[in-house]
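In case you want the letters, here they are:
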Amino acid sequence: MKLLTPSLLLFGLFVFGGLVFKLSAPTQCDEIRPQDSVFVLTGDVRRIPFAMRKTREYPNTDLYIIGVGTTYYTAPNITIESSSKSTYQNALAIKKIVAEQNLDRIVVITTEEHMNRAKYLIKHEMPDIQILTCPAPLQGMPVAKRVERWTIEYIKYIVTLCGIKEG
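Every value quoted in this text rests on a predicted model; they were computed, and no experiment measured them.

**Q** I'd love a proper account of the environment of G17, names of residues and values included.
**A** If you trace the backbone, G17 turns up in helix 1 (residues 4-24). Each C-alpha atom of the pair G17 and Y154 lies 8.5 Å from the other, and the pair is 137 residues apart in sequence.

**Q** Any chance you could break down the packing of helix 3 (residues 87-101) against helix 4 (residues 115-125) for me, citing the residues and the numbers?
**A** Packing of helix 3 against helix 4 brings their axes to within 9 Å, and their N-to-C directions diverge by 45°. Overall, the two elements helix 3 and helix 4 adopt an arrangement that is oblique. Once helix 3 is placed against helix 4, the crossing between them reads as right-handed. Residues T87, Y88, A91, L92, I94 and K95 of helix 3 pack against R117, A118, L121, I122 and E125 of helix 4. Residues of the contact of helix 3 with helix 4, tallied by class, amount to seven nonpolar, one polar and three charged.

**Q** Help me get a handle on the pattern of salt bridges, residues and values and all.
**A** This model, assessed by the stated rule, comprises nine salt bridges. Here R46 and D44 are joined by a salt bridge, their closest N and O atoms 3.1 Å apart. Look at R46 and you get partly exposed, because its relative accessible area is 21%. Ionic pairing is found between K156 and E153, a salt bridge with its closest N-O pair at 3.8 Å.

**Q** Describe the pairing of strand 1 (residues 37-41), naming the residues involved and giving the relevant values.
**A** For strand 1, the tally of buried residues reaches five of five residues, placing the bulk of the element in the interior. Burial along strand 1 is two-sided: the residues S37, F39 and L41 and V38 and V40 are all buried. Pairing geometry for strand 1 and strand 2 (residues 62-66), over five bridges, is parallel. Residue pairing for strand 2: F39 is matched across the bridge by Y64.

Rules used throughout
Residues numbered from 1 in each chain as written. Predicted model: local features only at pLDDT ≥ 70, side-chain atom pairs only at ≥ 80, totals over all residues. Heavy atoms only, no water. Helix = DSSP H or I, 4+ residues; strand = E, 2+ residues; numbered from the N terminus. Axes fitted to C-alpha atoms, helices over the stretch in contact; angles between N-to-C directions. Parallel < 35°, antiparallel > 145°, perpendicular 65-115°, else oblique. Left-handed = near helix turned anticlockwise from the far one by under 90°. Contact = heavy atoms within 4.5 Å. Nonpolar A, V, L, I, M, F, W, Y, C, P; charged D, E, K, R; others polar. Salt bridge = Lys/Arg side-chain N within 4 Å of Asp/Glu carboxyl O. Buried < 20%, exposed > 50% of the residue type's maximum accessible area, 1.4 Å probe, protein only. Pairing = 2+ DSSP bridges.

The structure is reproduced here in structure tokens:
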């Protein structure tokens, strides 16, 4: 019985933390300005099309597609970084571009369950940069799959907070 109480307490804290994680994730886009630089992190089929729709509203916006396997989009305002293979490597790639372009404000597009960890890693690499978020919604996904994705991202977020950035 004594072992059960600490286990229940830890489980309760885990569930409570998961709720806070879910509720703290942005659900709507911050205001994108016409001259903003938008960085979309690959990894989910919803992200790039969502970013393309968003940036059509602002023809002068520079779009950076960050992540592996993104070599098939071409347009004058699209830059592709295809060597990073993890969210942490995405953050490092963004940091390099931000320094090269002398940016002080960026918009990050990723799916809503991935946004907290992505923003944390980017902010950790560039604490002085203003980061706006624009989450791609997980529409059309069964509830069980959404819960699974949120749980996996929550666990990855906890691991990241413990100092493990890749893995």
